[in-house]
Amino acid sequence: MGNYLLRRLIVAVPSLLGISLILFVLLALAPGDPFGELASNPNIPPEVREALRIKFGMDDPILVRYLHWLVAMLHGDWGFSFASRVDVETLILQRVPTTLYVVGTAQLLALAVAVPIGVYAAMRPYSIFDQLANTFAFIGFSLPTFFTGLLLILIFSVNLGWLPFVYRTDINASGWQWYWEYIKQAIMPVAVLGLFQAASYTRYVRSAVLDVIKLDYVTTARAKGIGERKVIVKHVVRNALIPVVTLVALQMPTVFGGAIITEQIFRVPGIGSLLISAILANDTPVIMAVTFVFACLVVLFNLLADIIYGWLDPRISYG
Amino acid sequence: MVAPVKKRERRFSPGREAFRRFRRHRLAAASVVVLLLLALAVLIGPSLWPVPINDIDFTARLAPPSWDHPFGTDDLGQDLLARMIYGGRISLAVGFAAMAVGLFAGTVIGAIAGVSKGPIDAALMWITDLFLSLPPLPLLLLVIYLFRDFLKGLVGPEGGIFILIVLVIGGFRWMPVARLVRAQFLSLREKEFVEAARALGASKLRLVVRHILPNALGPVIVAGTIDVAGAIIAESTLSFLGLGFPPDIPTWGRLLFDAKDYLDIAPYWALFAGGAIFLTVIAINFIGDGLRDALDPRKVM
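Residues numbered from 1 in each chain as written. Chains lettered and ligands numbered in written order. Predicted model: local features only at pLDDT ≥ 70, side-chain atom pairs only at ≥ 80, totals over all residues.

Q: How would you explain the overall build of chain B if you had to name every residue and give the values?
A: Helices and strands together make up the secondary structure of chain B, namely 12 helices and 0 strands. What you see in chain B, going N to C, is helices and strands ordered as α-α-α-α-α-α-α-α-α-α-α-α. Per-residue burial over chain B gives 43% buried out of 301 residues. Partitioning the intrachain contacts of chain B with sequence separation of at least 6 by distance along the chain shows that 69% fall at a separation of at least 24. (Helix = DSSP H or I, 4+ residues; strand = E, 2+ residues; numbered from the N terminus. Buried ≥ 20, exposed ≤ 12 C-beta atoms within 10 Å, placed from the backbone. Contact = placed C-beta atoms within 7 Å.)

The structure is reproduced here in structure tokens:
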């Protein structure tokens, strides 16, 4: 197991390097000089500007600059936020847990909805339940998250007044009340993100189960007299989940994209809303760092999917 | 008695046969009608409803739908129907143009990877996998943030941002197509008819363009259809975040962005704009589903 993990980690390194290279090249290709502002400032003599350029290595070849930048990133020196006047890494570390909490809960909700519905629909293909599930899945992933978010706010906040539509970190309550408020404000963001994912997962689960359920070993399991419940749960679902894990891992980039939108709608203080506010404030170091963190999170979750894959499918050798 | 009748039906050409299969998917057939109506509405709409999109009328601020303003008005008293028609043009144009970009890039890269063996194939697939693991939305935002002003200066605010958005959305959607095309190529290039053409002395380019590519197109068409929906959602997302087209261009996403602060007094505003996006996207998705059924010759219908 340790060996397998190590191998997956080593495979993840080149893709992280590739991602960082793409980001850096984008930044380097972009028109506009970070020192352009200094050029128009009459208080700074050209010699000082030139000295600054040399100090920051602006005139070095691009590969050298990339290496410098990479080393700084690896040291945890991610720069300084122009807008918030704090180090970028402090800012991001404050925000990442919220994003992971919302995204993680949403994924659990998505799987909790999609797996039972998908399995049940596949057990009775082309039944009314299957057709209903299919139709709802289609509606679900055709509804963009920004629209469902507004719809939920319209229904549950504006019309019914049940749920708050602004996510707050400073809740004025204590004890159980605090927990209740905390959960209540997360319901809508999690539901928006989770149900959107659940729609596509349902279709994955259904087709994966359909592929497995007709196989000979399932018939054998039934013939041995194992109860239907046990056949489905232990024999069918476990094998059907293997391709589903891959597809869920492939969805990860989309999931984090959805997180940006939901965080923006409900004003959840995660890294997604940080990205948007940084873009609106022209805060380049924060934008670069957040984009890189998003890419790292995607790679991390792909790694996690690989581990789950190995656990679900013992045929994958860890050796 | 039944068998000969069936045989006569089978004599349709492949295109006709696909059309017949497509029509059997009732939701897909209905979706084509819906999408055509939408396209027609945004194309000839301005001549049927010649209200300017930026006609400010403060006496009719946030008016609910009425005969004067069938979709109501926004916070500046601008007619929402006219704005929706204009926005629909942009949303649909971005969707189809970005799909074309993605499809073209994906087909070219997939085809090159599929016919070349060894290091070129491996390198191209590594890049494809790398792009697949990139989170598209943060990168879309990053690229637009970095290059917005540059293109604005080059081709004007509207055209510049249109080109940028189309290229960027297309540029992050080619990967599934490339993988599909490559997989098709890998199996098709070993087929007898390709070998026969090769034995007849066809050049590599001719083999690819005349023999392999046409047979690989089925799944690509399906992927391209779904891509239109994805591109429309991507464009609306950018506009919804306030980072797409300039504020005075009312795309559907921008309308939603403006409407979200007036949910309590003017919910129809958000509902019309979001409803239009939803209707377009679900119609395209159903069409994609119908095409998948129609173009899969193994499926018995």
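Q: For the overall build of chain A, give the residues involved together with the corresponding values.
A: Scanning chain A for helices and strands turns up 12 helices and 0 strands. Ordered by position from the N terminus, the helices and strands of chain A form the series α-α-α-α-α-α-α-α-α-α-α-α. Counting across all 319 residues of chain A, residues that qualify as buried make up 34%. For chain A, long-range pairs separated by at least 24 residues make up 71% of all intrachain contacts whose partners lie at least 6 apart in sequence.

Q: Quick rundown of the packing of helix α5 (residues 119–132) of chain B against helix α8 (residues 175–188) of chain B? Include the residues and the values.
A: All names here are of chain B. Where α5 meets α8, the closest approach of the two axes is 9 Å, and the angle between their N-to-C directions is 145 degrees. With respect to the hand of their crossing, α5 and α8 are arranged in left-handed fashion. Between α5 and α8, the contacting residues are Thr-128, Phe-131 and Leu-132 on the first element and Met-175, Ala-178 and Arg-179 on the second. Looking at the contact of α5 with α8, its residues break down into 4 nonpolar, 1 polar and 1 charged. (Axes fitted to C-alpha atoms, helices over the stretch in contact; angles between N-to-C directions. Left-handed = near helix turned anticlockwise from the far one by under 90°. Nonpolar A, V, L, I, M, F, W, Y, C, P; charged D, E, K, R; others polar.)

Q: Give a detailed account of unusual backbone geometry, specifying residues and quantitative values.
A: All names here are of chain A. Located in the positive-phi region is Tyr-126, a residue other than glycine, with phi close to 65 degrees. In this structure, Tyr-126 sits in the loop between α5 (88–123) and α6 (128–142). Notably, Arg-267 is not glycine yet its phi reads approximately 55 degrees, a positive angle. Within the secondary structure layout, Arg-267 lies in the loop between α10 (228–266) and α11 (271–280).

Q: Account for the interface of chain A and chain B, naming residues and giving values.
A: The partner chain B presents 35 residues to the 36 residues of chain A that form the contact. Taken together, the elements giving at least two residues each to the side of chain A that touches chain B come down to α1 (2–29), α6, α7 (145–159), α10, α11 and α12 (284–312) of chain A. Of the residues forming the side of chain A that touches chain B, the biggest block, 8 residues, is contributed by α12(A).

Q: Can you lay out the confidence of the model for chain B for me, pointing to particular residues and giving the numbers?
A: Across chain B, pLDDT averages 81, with 89% of residues at or above 70. Both scores are given for the predicted complex: the pTM is 0.83, the ipTM 0.80. (pLDDT = per-residue confidence, 0-100.)

Q: Outline the environment of A:Leu151, supporting the account with residue identities and numerical values.
A: Residue and element names in this part refer to chain A. Within the element layout of this structure, Leu-151 appears in helix α7. Judged by C-beta crowding, with 19 C-beta atoms within 10 Å, Leu-151 ranks as partly exposed. Separated by 41 residues in sequence, Leu-151 and Val-192 place their C-alpha atoms 9.8 Å apart.

Q: Run through the nonpolar core, naming residues and quoting values.
A: Membership of the largest hydrophobic core comes to 157 residues, with the highest contact counts inside it found for A:Val205, A:Val290, B:Leu140, B:Leu256 and B:Ala273. When sequence neighbours within four positions are dropped, the list of residues in contact with B:Leu140 reads B:Val168, B:Ile169, B:Phe172, B:Ala234 and B:Leu238. (Core = buried A, V, L, I, M, F, W, Y, C linked by C-beta atoms within 7 Å.)

Q: Go over the confidence of the model for chain A, please, and point to the residues and values.
A: On average, residues of chain A carry a pLDDT of 80, and 88% of them reach 70 or more. Between the elements of chain A, mean pLDDT differs from a low of 54, seen in helix α2 (residues 36–40) of chain A, to a high of 88, seen in α5(A).

Q: Provide a residue-level description of helix α9 (residues 216–223) of chain A, including the pertinent values.
A: With 0 of 8 residues buried, α9(A) is to be regarded as a mostly surface element. Backbone geometry just after α9(A) places A:Gly225 at a positive phi near 90 degrees.

Q: How would you summarise the packing of helix α4 (residues 80–115) of chain B against helix α11 (residues 252–259) of chain B if you had to cite specific residues and measurements?
A: Residues and elements named next belong to chain B. Direction vectors running N to C along α4 and α11 enclose 130 degrees, while the axes themselves pass 8 Å from each other. Taken together, the axis directions place α4 and α11 in an arrangement best described as oblique. Across the interface between the two elements, Arg-83, Met-84, Gly-87, Gly-88 and Ser-91 of α4 pack against Trp-252, Arg-254 and Leu-255 of α11. Counted by class, the contact of α4 with α11 contains 3 nonpolar, 3 polar and 2 charged residues. (Parallel < 35°, antiparallel > 145°, perpendicular 65-115°, else oblique.)

Q: Give me the environment of A:Val205: which residues, what numbers.
A: Relative to the elements of secondary structure, A:Val205 occurs in helix α8 (residues 175–213). Separated by 84 residues in sequence, A:Val205 and A:Ala121 have C-alpha atoms that sit 9.2 Å apart.

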